[in-house]
Amino acid sequence: LRAIQKKGPRGKAAGIRFDEKISSLKMAKRYNRDIHFLNLIVHHEEARNRLSKTEWPLLLSDPLIKKVVSALFQIGDKRGEKWVEKVLESLQDPEAEKELREILVMPSFYGPGGVETAIREFEEKIEEIKVASLIKEAKARGDMAALNEALKIKKARAAKPYSN
């Protein structure tokens, strides 16, 4: 990719590289909900245990992250090096293995007080996605009774205090 040249205040080329901008955009996109979810379940066993019982695939958009999360949940709630090795072996995909290794060397994004909040937020988001899906499906079918029921659920969820 070519460098984009801009003239600076003294007429010198500013040297802003197009590929650097793309790289920074990719990096920003990288720290989305999927990465936060993966980081949480890798570093916090209680999160792994609770979130494995949810409809977590609704939450994730990256197929590679879904594959890693699925492997983590399938291997179980064990800990230690042997558990990690079993998960890595089960992936059988160099890109997925790389993704997991990168998360393993990162620190947790969540401090002790933030883990429970993050778990609740993910659980709430999953429920929100499920209700939105009910609304969309009812509209597509033209089912007014189901649509009204889904809208009641949405309204009730919006009215209740944040807890789970």
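Residues numbered from 1 in each chain as written. Predicted model: local features only at pLDDT ≥ 70, side-chain atom pairs only at ≥ 80, totals over all residues. Heavy atoms only, no water.

What is the right way to look at helix α4 (residues 63-75) in this model?
Each α-helix winds once per 3.6 residues, and so residues spaced three or four apart point in a common direction. In this model, α4 (13 residues) spans 18 Å end to end at C-alpha, consistent with the 18 Å of a helix rising 1.5 Å per residue. Residues L64, I65, V68, V69, A71, L72 and F73 constitute the buried set of α4. The N-cap of α4, judged by a side-chain oxygen 2.8 Å from the amide nitrogen of L64 a few residues on, is D62. (Helix = DSSP H or I, 4+ residues; strand = E, 2+ residues; numbered from the N terminus. Expected span 1.5 Å × (residues − 1). Buried < 20%, exposed > 50% of the residue type's maximum accessible area, 1.4 Å probe, protein only. Polar contact = N/O pair within 3.5 Å; in protein donor to acceptor, adjacent residues only side chain to side chain.)

Would you explain the confidence of the model for the chain in this entry?
Detailed reading of the predicted coordinates is not advisable wherever pLDDT falls low. Looking at the chain, the pLDDT average stands at 81 and 75% of residues meet or exceed 70. At the level of individual helices and strands, the chain shows its lowest average pLDDT in strand β1 (residues 3-4), which scores 40, and its highest in helix α2 (residues 33-43), which scores 94. Low confidence marks residues 1-8, where pLDDT is under 50. Its contacts with residues over four positions away, or in another chain, come to 18 contacts. In this model, residues 22-28 is a region of pLDDT below 50 whose contacts with residues beyond four sequence positions or in other chains number one contact. (pLDDT = per-residue confidence, 0-100. Contact = heavy atoms within 4.5 Å.)

Explain unusual backbone geometry to me, please; I cannot follow it from the model alone.
Excluding glycine, a negative phi dihedral is what most residues carry, and trans is how most peptide bonds are arranged. Its identity is not glycine, yet Q92 carries a phi of approximately 50°, on the positive side. Locating Q92 in the fold gives a position in the loop between α5 (81-91) and α6 (94-105). Exposure remark for Q92: the relative accessible area of 70% places this residue in the exposed category.

I tried to follow the packing of aromatic side chains on my own but got confused; where do I start?
Centre distance and the angle of the planes are the two values used to describe a pair of aromatic rings. The tally for this structure, following the rule as stated, stands at four aromatic pairs. Aromatic pair F37 and F73: ring centres 6.5 Å apart, planes at 90°, arrangement edge-to-face. Here F73 lies in helix α4 and F37 lies in helix α2, a separation of 36 residues in the sequence. With a relative accessible area of 0%, F37 lands in the buried category. Between F109 and Y110 the ring centres are 6.5 Å apart and the planes differ by 55°, which places this aromatic pair in the tilted class. Given a relative accessible area of 30%, F109 falls into the partly exposed group. For Y110, a relative accessible area of 16% translates into the label buried. One aromatic cluster is present, formed by F37, W56, F73 and F122 through successive ring pairs. (Phe/Tyr/Trp six-rings, centres within 6.5 Å; stacked < 30°, edge-to-face > 60°.)

Would you mind showing me how to read the nonpolar core here?
The tendency in soluble globular proteins is for nonpolar side chains to be buried side by side. Among the nonpolar cores identified, the biggest contains 33 residues, and F37, L38, L40, L51, V69 and L72 are the most heavily contacted of them. Those elements that provide at least two residues to this core are α2, α3 (45-51), α4, α5, α6 and α7 (112-141). A per-element tally of this core places α4 first, with seven residues. Counting five residues, the second largest nonpolar core, distinct from the first, contains V131, I135, A138 and A150. (Core = buried A, V, L, I, M, F, W, Y, C linked by side-chain atoms within 4.5 Å.)

Would you take a moment to explain the pattern of salt bridges for this structure?
Applying the stated criterion across every chain yields a total of ten salt bridges. Across the pair D93 and K67 runs a salt bridge whose closest N-O atoms are separated by 3.2 Å. Remark: K67 occurs in helix α4 and D93 occurs in the loop between α5 and α6; sequence separation between them is 26 residues. Assessed through its relative accessible area of 18%, D93 is described here as buried. One network of salt bridges, in which partners are shared, links R50, E116, R120 and E123. (Salt bridge = Lys/Arg side-chain N within 4 Å of Asp/Glu carboxyl O.)

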